[in-house]
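Observations on the model geometry
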Amino acid sequence: MTTLSRRQALAAGIAMPLAASFLTRPALANAPLQGSGFAPWNRFKLGGFEVTTLLVGTRAGDKPQETFGMNATPEDFAAISAANFIPADLTQNFFTPTLVNTGAELVLFDTGLSAEGTLAALTAAGITADQVDVVVLTHMHGDHIGGLMGADGVTPTFANARYVTGSVEHNNWSTAANEGFDRSVKPLNDKITFIDDGGSPLSGITAMAAAGHTPGHMIYMVESEGQRLAITADTANHYVWSLQRPDWEVRFDADKAAAAATRKQVFGMIAADRIPFIGYHMPFPGVGFVEAQGEGFRYVPASYQLMLNG
């Protein structure tokens, strides 16, 4: 039995009505549910550079095995999905261009699905389209070139920019009679500089051939003050199915065997060198690491590592 002093009993007597009033007080406002979401940009330092990833769109999808594991058995696809706490029948895709500020030039890697989505993300990140000096196109799929032209379809979104892309990629699409390429890229041909494997769009950034997803698909190595970052574009299209099982065929890969070989080569290098990478379709903010594991790689999302760069 607990014995209360007179002072404790008085305090308890005062507190009980107060507690009751809080318990019975009606809510002052009925705040509406807002839905899930997060800021459409993420920024960090890389040596003397500043890197910003931009979420310009995200899309849910069903029947993911028809896209990301065409040659997998349903049992294997379901098992690896369950092991990674994701459903085997649904997926969420992300579209993430990357902005690199070298201190001298502002470089945008890929332009998203549309000018509207890309401009919205740029605006949220405090950047205007006319500040972009260089636009680098990793390849010519619609979700990478869709933001090149404005809403009218004829006015370049990035009026002050010069453009850089791989010569093999451009040559391939120039004769493909592709509507998106003909509308968005061809009008800019006079402003495009073409590079090949090992070429550099500007100091500190080097192109690397990574064919398979498309014939001239390229990735880029960014380096400043001894720190490195790989921009891998669509080398891997999913953080589980394409990385843990690089041999699984992806519907959007033009040459599926070459794409699988490229995944192993590129992510083998990234794992061995223990450097961060940005994948265009990785879960936003799209930045992470990989380690070799079994027949593929384990994706490790970046936490605070890159915040330590200042």
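Everything in this summary refers to the structure shown in the same document. (Residues numbered from 1 in each chain as written. Predicted model: local features only at pLDDT ≥ 70, side-chain atom pairs only at ≥ 80, totals over all residues. Heavy atoms only, no water.)

1. Regarding unusual backbone geometry
The test is simple: Each helix corresponds to a stretch of at least 4 residues labelled H or I by DSSP, and each strand to a stretch of at least 2 residues labelled E; elements are numbered beginning at the N terminus. A simple rule labels every residue: compare its accessible area, found with a 1.4 Å probe on the protein chains alone, to the largest value its type can have, and call it buried under 20%, exposed over 50%, or partly exposed in between.
Of note, the bond from Phe-284 into Pro-285 is cis; its omega dihedral lies within 30 degrees of zero at 15°. Relative to the elements of secondary structure, Pro-285 occurs in the loop between β13 (277–279) and β14 (287–293). In this structure, Ala-233 is a non-glycine residue whose phi angle is positive, near 50°. Looking at the element boundaries, Ala-233 is found in strand β12 (residues 227–233). Judged by its relative accessible area of 2%, Ala-233 falls in the buried class.

2. So, the nonpolar core
Our working definition: To define a nonpolar core, start from buried Ala, Val, Leu, Ile, Met, Phe, Trp, Tyr and Cys residues and group those joined through side-chain atoms within 4.5 Å. What makes two residues a contact is simply this: any of their non-hydrogen atoms within 4.5 Å.
Grouped together as the largest cluster of nonpolar side chains are 27 residues, with contacts concentrated most on Val-135, Leu-148, Phe-158 and Tyr-163. Residue assignment for this core shows that the elements contributing at least two residues are β6 (106–109), α4 (115–124) and β7 (134–137). With residues near it in sequence (within four places) discarded, Tyr-163 still touches Val-135, Leu-148, Pro-156, Phe-158, Leu-188, Lys-191, Ile-192 and Thr-193.

3. A few points about the sheet that holds strand β5 (residues 98–101)
Keep this limit in mind: Two strands qualify as a pair provided that DSSP identifies no fewer than 2 bridges between them. Think of each axis as a best-fit line through the C-alpha atoms, taken over the contacting stretch in the case of a helix, with angles from 0 to 180 degrees between the N-to-C directions.
Taken in spatial order, the 7 strands of this open sheet run β1-β2-β5-β6-β7-β8-β9, and their pairing is mixed. Of all strands in the sheet, those bounded by a partner on one side alone are β1 (41–46) and β9 (192–195). Taken over all neighbouring pairs, the strand axes of this sheet differ in orientation by 20° on average, direction set aside. Two elements, β6 and β7, share 3 bridges in a ladder whose sense is parallel. Across the sheet, the residue bridging to Val-107 is Val-134, located in β7.

Note that all results are geometric; they support no functional claim without further evidence.
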